[in-house]
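Structural overview
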Amino acid sequence: MDRRDFLCSAAASVIAQAVRGQAPSSIEGRRTICALSSLPRGNDVRLLKYALSLAGKPRPKLLLIPTAVGDDPRWIEFWVKRLVPKIDCEFEILRLFGDSTNMKAHHPRIMNTDAIFVAGGNTLNALAVWRAQGIDASLRAAWEKGVVLSGESAGMICWFEQGLSDSRPEKLTVVEGLGFLPGSVCPHHDNAERRDTYRELVARGEIKAGYGCDGGTGLMFRDTKFDKAVTTDVARRVVSYARVGDAVQEHALSVEVI
């Protein structure tokens, strides 16, 4: 084995240890998260359909949580009119803004579904609202039960320990997520500023080892173990990052086109 092969092998080993966790054997294979960098443009629902298929039901119940966009009615209308008609599911929306006297209890709605999709938007704000309302605990309970968790952008970051986000004004910063998945993630990795910032933060040890995901890609986890990367475009990349000494090791992952 030459030096280059040795370094690649060592980096892959370090990355695997850094970003993959262990789950209790009693629920092995039940907990599923499909975290998407972003849905493809043009109302392409292939990644969304893939996430829903993980529920293993012909017509699953899908709960949309648009907290990160402040329950923006325009965004909700886009889903209702453009995306939902293209997928075969029962569809509900969990709104957390507005007059709470007209809202149903959150926990039963989160538990009584097959799949959850979290909208993109401001990750920091969404997490703050969830923690204030107890949504974070309900999401963990749903995950433990076997409800498929998914989402794009903010809905990708939220499941990890940390993520690179534009939630704060003027610059990209590290956001602490729910911690269901170990390590960190950088959605929109095909954006040069995000990619370079993420690499620098990993190098300095200011963000944990993790994944950089181009738009239109997703990460599939069984329990807390990485299973596969998926995409709708063969040109899209998913890269693992780890800090080895004072250096950053990058490893391009195999990506399954769906």
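Each residue is numbered by its place in its chain's sequence as written, counting from 1. Note on the predicted model: pLDDT of at least 70 is required for a residue's local features to be given, and 80 or more for side-chain atom pairs to be given and counted; whole-chain, interface and lining totals, by contrast, use all residues. Excluded from the side-chain calculations are hydrogens and water; all other atoms, namely the structure's heavy atoms, are used.

**Considerations on the environment of Lys81**
- Starting at the N terminus, helices and strands are each numbered in turn, a helix being any DSSP run of H or I of at least four residues and a strand any DSSP run of E of at least two. If you trace the backbone, Lys81 turns up in helix 3 (residues 73-83).
- Given a relative accessible area of 55%, Lys81 falls into the exposed group.
- In the analysis that follows, any N or O atom pair within 3.5 Å is treated as a polar contact, provided that within protein one partner can donate a hydrogen and the other can accept it, and provided that, for residues neighboring in sequence, both atoms belong to side chains. Of the polar contacts made by the side chain of Lys81, one reaches the side chain of Glu77; its length is 2.7 Å. Burial status follows relative accessibility: with a 1.4 Å probe on protein chains alone, a residue under 20% of its type maximum counts as buried, one over 50% as exposed, and anything between as partly exposed.

**Let's talk about the packing of aromatic side chains**
- Only rings of Phe, Tyr and Trp enter the pairing, Trp through its six-membered ring, and a pair is recorded when the two centres are within 6.5 Å. The plane angle decides the type: under 30 degrees is stacked, over 60 is edge-to-face, the rest tilted. Under the criterion given, the structure shown has eleven aromatic pairs.
- Here the aromatic residues Trp75, Trp79, Phe91 and Phe117 are joined through ring pairs into a cluster of three or more.

**Brief notes about the confidence of the model for the protein chain**
- pLDDT measures the predictor's confidence residue by residue and takes values from 0 up to 100. Chain-level pLDDT for the protein chain is 89 on average; 89% of the residues reach the 70-or-more range.
- Residue contacts are defined here by distance: any two heavy atoms, one from each residue, within 4.5 Å place the two residues in contact. Confidence drops under pLDDT 50 across residues 1-29; counting only partners more than four residues distant or on other chains, this segment forms 34 contacts.

**Section: the nonpolar core**
- The definition of a nonpolar core used throughout is a set of buried Ala, Val, Leu, Ile, Met, Phe, Trp, Tyr and Cys residues joined through side-chain atoms within 4.5 Å. Membership of the largest hydrophobic core comes to 39 residues, with the highest contact counts inside it found for Ile116, Trp130, Leu139, Trp159 and Leu219.
- The dominant element in this core, judged by the number of residues it contributes, is helix 6 (residues 135-145), at four residues.
- The contact partners of Trp159, leaving out residues within four places of it in the chain, are Ile33, Ala35, Val118, Leu139, Leu149, Ser150, Gly151, Leu178, Gly179, Phe180 and Leu181.
- Core analysis: the next-biggest nonpolar cluster, separate from the first, contains 26 residues, Leu48, Ala51, Trp79 and Val84 among them.

**A look at the sheet that holds strand 11 (residues 225-231)**
- Here, a strand pair is defined by DSSP locating no fewer than two bridges between the strands. Strand order in this open sheet of eight strands is 3-2-4-5-1-10-11-14, and the pairing throughout is mixed. Taken across any chain shown, the strands that pair with only one partner, and hence form the sheet edges, are strand 3 (90-93) and strand 14 (255-257). Adjacent strand axes in the sheet meet at a mean angle of 25° when their direction is disregarded.
- Of the strand pairs in this sheet, strand 10 (residues 217-222) and strand 11 are connected by six bridges, and their pairing is antiparallel. A fitted line through C-alpha atoms serves as each axis, taken over the contacting stretch for helices, and the angle formed by two N-to-C directions is quoted from 0 to 180°.

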